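One letter stands for each residue in the lines below.
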Amino acid sequence: MEPDSNVLGRIFGDDRFNYQNVDLGCHELWLQAVYRSETERVIVLHDDDMLAPEFGEAYRNEIKPSLDGGVGFASWRAALRYDDGSTRPCEYFHGDSRILASSELAGVVTVKGRLSLSPIVSVFNRNVLLHALKDSEGVLPWLRPGMPLGTEIVAYLRHCQAFKKWLYVNKVLSFYGSHEGSGTVKDENSGALKPLTDGYDVARTYCARTKPGHRAAPRCILVSCPHEKQTQK
């Protein structure tokens, strides 16, 4: 049974209620997870990525002290380490761990035709990330089902707009899933990057003409997946 949006709207208030009956894939999962979290900071991993054992020590000794010291968010991609143990150098940043100006990160993210910084592990500010997810909801194209293409770009750029500093950690703190059948891995290995960058480029164009802040208020979110009742014969 589908919920009665009119009744729910009266309960929650129209300004805080949003009913969706569409499949937004990973984007919707990100939105729900961030919305339900009660922490100041949020870590988002992709479907087949994993945190490395070294993550805990790096978070305690490098990341959290920097965040508590006024850095807006932390992010890193020193290299790709696949789940089979192989590695690939990072094309974005090099050198030791350091605090960068957010404008430096924004300069990398906004270059058209480039991959996003994902697969990456990032520690986001929850309020800014929630706004970024809502900001990109229903606007960016879902060119690759199951992946929030372009959403990462919005999240990084909104953080660059909200904070002046960003922490780069020159350590590989996550495993990038390289399972057989991964479309992302196949595209990267073959050099056919246009399917990966098209969605990001749309997000970059959107951010360039859209000011942040107009959808920052929290909302109640209800997602349903109606299906026909199955009966055995």
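In case you missed it, the structure is sitting above this.
A quick note: this is a predicted structure, and the numbers were derived from the prediction, not measured.

### Looking at the overall build of the protein
Within the protein, the regular secondary structure consists of eight helices and eleven strands. Burial statistics for the protein: of 233 residues in total, 48% are counted as buried. Within the protein, contacts between residues at least 6 apart in sequence are counted, and of these 81% link residues at least 24 apart. Of the roughly 12500 Å² that the protein leaves accessible, carbon and sulfur atoms contribute 53%.

### Observations regarding the packing of helix H6 (residues 151-162) against helix H8 (residues 194-209)
At a minimum axis separation of 8 Å, H6 and H8 run at an interaxial angle of 35°. Crossing handedness for the pair H6 and H8: right-handed. Contacts between H6 and H8 involve Glu152, Ile153, Val154, Leu157 and Arg158 from the first element and Tyr200, Ala203, Arg204, Tyr206 and Cys207 from the second. The residue inventory of the contact of H6 with H8, partitioned by class, reads seven nonpolar, no polar and three charged.

### Notes on helix H3 (residues 55-68)
Maximum bend of H3: about 30°, positioned at Asn61, with proline Pro65 one to four residues after it. Among the residues making up H3, those that are buried are Phe55, Ala58, Ile63, Ser66 and Leu67. In this fold, the buried residues of H3 make contact with strand S2 (41-43), strand S3 (50-51), strand S4 (73-76), strand S7 (98-101), strand S8 (121-125) and strand S9 (165-168). Of the residues one or two after H3, Gly70 is the one with positive phi, at around 110°.

### Some points on the nonpolar core
Among the nonpolar cores identified, the biggest contains 36 residues, and Phe93, Leu105, Leu117, Leu129 and Tyr156 are the most heavily contacted of them. Counting only elements with at least two residues in this core, the list comes to helix H2 (25-36), helix H4 (102-109), helix H5 (126-136), H6, S9 and H8. Sorting elements by how many residues they give to this core places H6 first, with six residues. Residues contacting Leu105, with those up to four places away along its chain left out, are Phe73, Phe93, Leu117, Tyr156, Cys160 and Trp166. Core analysis: the next-biggest nonpolar cluster, separate from the first, contains twelve residues, Phe55, Ala58, Ile63 and Leu67 among them.

### Examining the packing of aromatic side chains
Applying the stated criterion across every chain, the model contains nine aromatic pairs. Judged by centre distance (5.1 Å) and plane angle (45°), the rings of Phe93 and Trp166 are tilted. With a gap of 73 residues between them, Phe93 in the loop between strand S6 (87-89) and S7 and Trp166 in strand S9 connect regions that are remote in the sequence. You'll find Phe93 and Trp166 in the same group, each marked buried. Between Phe93 and Tyr168, the ring centres sit 5.6 Å apart and the planes meet at 40°, which makes this aromatic pair tilted. Pair noted here: Phe93 is in the loop between S6 and S7 and Tyr168 is in strand S9, with a separation of 75 residues, a long-range link. Here the two residues Phe93 and Tyr168 agree in accessibility, since each one is buried. Chaining the aromatic ring pairs together yields one cluster made of Phe73, Phe93, Phe124, Tyr156, Trp166 and Tyr168.

### Details of the pattern of salt bridges
This structure, assessed with the given rule, holds six salt bridges. Asp68 is paired through a salt bridge with Lys64; the nearest N and O atoms lie 2.7 Å apart. Here Asp68 pairs with Lys64, and both are found in helix H3, just four residues apart, close to one helical turn. For Lys64, a relative accessible area of 36% gives the class partly exposed.

### Points about the state of the cysteines
Between two cysteines, a covalent bond joining their sulfur atoms is known as a disulfide. Tallied over the full model, the rule gives zero disulfides. There is no disulfide at Cys160, and the cysteine sulfur nearest it, in Cys207, is 10.0 Å away. Residue classification places Cys160 among the buried residues on the basis of a relative accessible area of 15%. For Cys207, a relative accessible area of 8% translates into the label buried.

Thresholds applied
- Residues numbered from 1 in each chain as written.
- Predicted model: local features only at pLDDT ≥ 70, side-chain atom pairs only at ≥ 80, totals over all residues.
- Heavy atoms only, no water.
- Helix = DSSP H or I, 4+ residues; strand = E, 2+ residues; numbered from the N terminus.
- Buried < 20%, exposed > 50% of the residue type's maximum accessible area, 1.4 Å probe, protein only.
- Contact = heavy atoms within 4.5 Å.
- Areas by Shrake-Rupley, 256 points an atom, 1.4 Å probe, with all protein chains shown as cover.
- Axes fitted to C-alpha atoms, helices over the stretch in contact; angles between N-to-C directions.
- Left-handed = near helix turned anticlockwise from the far one by under 90°.
- Nonpolar A, V, L, I, M, F, W, Y, C, P; charged D, E, K, R; others polar.
- Bend = angle between axes of the 7 residues up to and from the residue.
- Core = buried A, V, L, I, M, F, W, Y, C linked by side-chain atoms within 4.5 Å.
- Phe/Tyr/Trp six-rings, centres within 6.5 Å; stacked < 30°, edge-to-face > 60°.
- Salt bridge = Lys/Arg side-chain N within 4 Å of Asp/Glu carboxyl O.
- Disulfide = S-S within 2.5 Å.

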